[in-house]
Amino acid sequence: MVPVICIDGPSGAGKGTIAKRLAEHLGWHLLDSGALYRVLGHACLLAGIPWDDEPAVTEMATNLDVSFRPGSEGVDVLLAGQDVTRAVRSEEGGHGASAVAVIPDVRAALLERQRQLALAPGLVADGRDMGSVVFVDAPLKIFLSASPEARAQRRYSQLLARGESVSLPRLLEAIKERDARDANRDASPLVAAEDAVTIDSTELSVDAVFNRVLDLVATRGLGTRASG
Ligand code: DC
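Residues numbered from 1 in each chain as written. Predicted model: local features only at pLDDT ≥ 70, side-chain atom pairs only at ≥ 80, totals over all residues. Heavy atoms only, no water.

## With respect to the sheet that holds strand S4 (residues 74-79)
- Spatially, three strands are ordered S3-S4-S5 in an open sheet, and the strand pairing comes out antiparallel. The open sheet has two edge strands, strand S3 (66-71) and strand S5 (82-83), and neither has a second partner.
- Summarising the sheet, S4 and S5 pair through two bridges and their orientation is antiparallel. Counterpart to Leu 78 in the pairing with S5 is Asp 83. (Pairing = 2+ DSSP bridges. Helix = DSSP H or I, 4+ residues; strand = E, 2+ residues; numbered from the N terminus.)

Quick look at the structure:
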């Protein structure tokens, strides 16, 4: 069976950064499952489908022509061959993703698509329900968390660097709202899988988190640490 390492957690905990680095380090594939929900929200927006129109959003999820290619921030996202990376990674893109992700039929429609991405030599999967629903048999599940304040601050710096104008208090409010929606929805709510290892990154640098992850990877016999 192809090994999968799951990295789940709330938005802004650093999952994307760690998952990308780990996939590169191991030479494994990367699944940014949030991008799937983001591109779906974006596709609905383009088609004039409201995010709460469950049958129409589900149909869109079933027929979604999405593909990924390695990019500077993990993966670039293509919708019907068009690069929509920037739009889907915006705050609006995250909002749409969180809205369509509450629909159980949408999650079911995207499940098999995600499982098909578990290809040799291995997959690093980043999301909310990778360990609890999509890859329940994964040999390593990490739940990466951080305080809402730390996550808002990180997201703020990231958006500023990208040239987007944002307000820190508004970001904090949005993060808390998104946390509540992701954690309280009925379908695959954001929870740590029972067998997940939790890492709280509030006080940790990216390197420190990455080293902890590498230790876990080595302990589970999934890879070897690069020297140096
Ligand atoms: O990881 P992200 O910020 O790109 O995710 C955007 C939204 O998509 C998030 O608010 C919840 C949803 N999501 C989900 O429900 N399940 C996943 N596996 C990944 C993301």
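## What about a negative patch on the surface?
- A contiguous patch of negative charge on the surface is contributed by Asp 52, Asp 53, Glu 54 and Asp 105.
- For Asp 105, the location among the structural elements is in helix H6 (residues 104-115). (Patch = residues over 30% accessible without salt bridge, like charges linked within 9 Å, V, L, I, M, F, W, Y side chains within 5 Å. Areas by Shrake-Rupley, 256 points an atom, 1.4 Å probe, with all protein chains shown as cover. Salt bridge = Lys/Arg side-chain N within 4 Å of Asp/Glu carboxyl O. Lys, Arg positive; Asp, Glu negative; His and termini not counted. Charge placed at Lys NZ, Arg CZ, Asp CG, Glu CD.)

## Examining the pattern of salt bridges
- Within the structure shown, the criterion is met by 10 salt bridges.
- Where salt bridges share partners, they join Arg 69, Asp 76 and Asp 83 into one cluster.

## Some points on helix H9 (residues 168-184)
- Given a rise of 1.5 Å per residue, 17 residues ought to cover 24 Å, and the 24 Å separating the end C-alpha atoms of H9 matches this to within 8%.
- Among the residues of H9, those classed as buried are Leu 171, Ile 175, Arg 178, Asp 179 and Asp 182. For H9, the angular spread of the buried residues around the axis is 105°, confining them to a single face. The exposed set on the far side of H9, more than 90 degrees from its buried face, consists of Pro 169, Arg 170 and Asn 184.
- Residues of H9 that are buried sit in contact with helix H2 (33-47), helix H5 (91-100) and helix H8 (148-161).
- Of the residues flanking the start of H9, the one acting as N-cap is Ser 167, its side-chain oxygen 3.1 Å from the backbone nitrogen of Arg 170. (Expected span 1.5 Å × (residues − 1). Buried < 20%, exposed > 50% of the residue type's maximum accessible area, 1.4 Å probe, protein only. Arc of directions from axis to C-beta. Contact = heavy atoms within 4.5 Å. Polar contact = N/O pair within 3.5 Å; in protein donor to acceptor, adjacent residues only side chain to side chain.)

## Considering the pairing of strand S6 (residues 123-127)
- The buried fraction of S6 is high, at five of five residues.
- Here S6 shows a buried face lined by Leu 123, Ala 125 and Gly 127 and a second buried face lined by Val 124 and Asp 126.
- For strand S1 (residues 4-8) and S6, the ladder comprises five bridges, and the chain directions are parallel. Paired with Cys 6 across the bridge in S6 is Ala 125.

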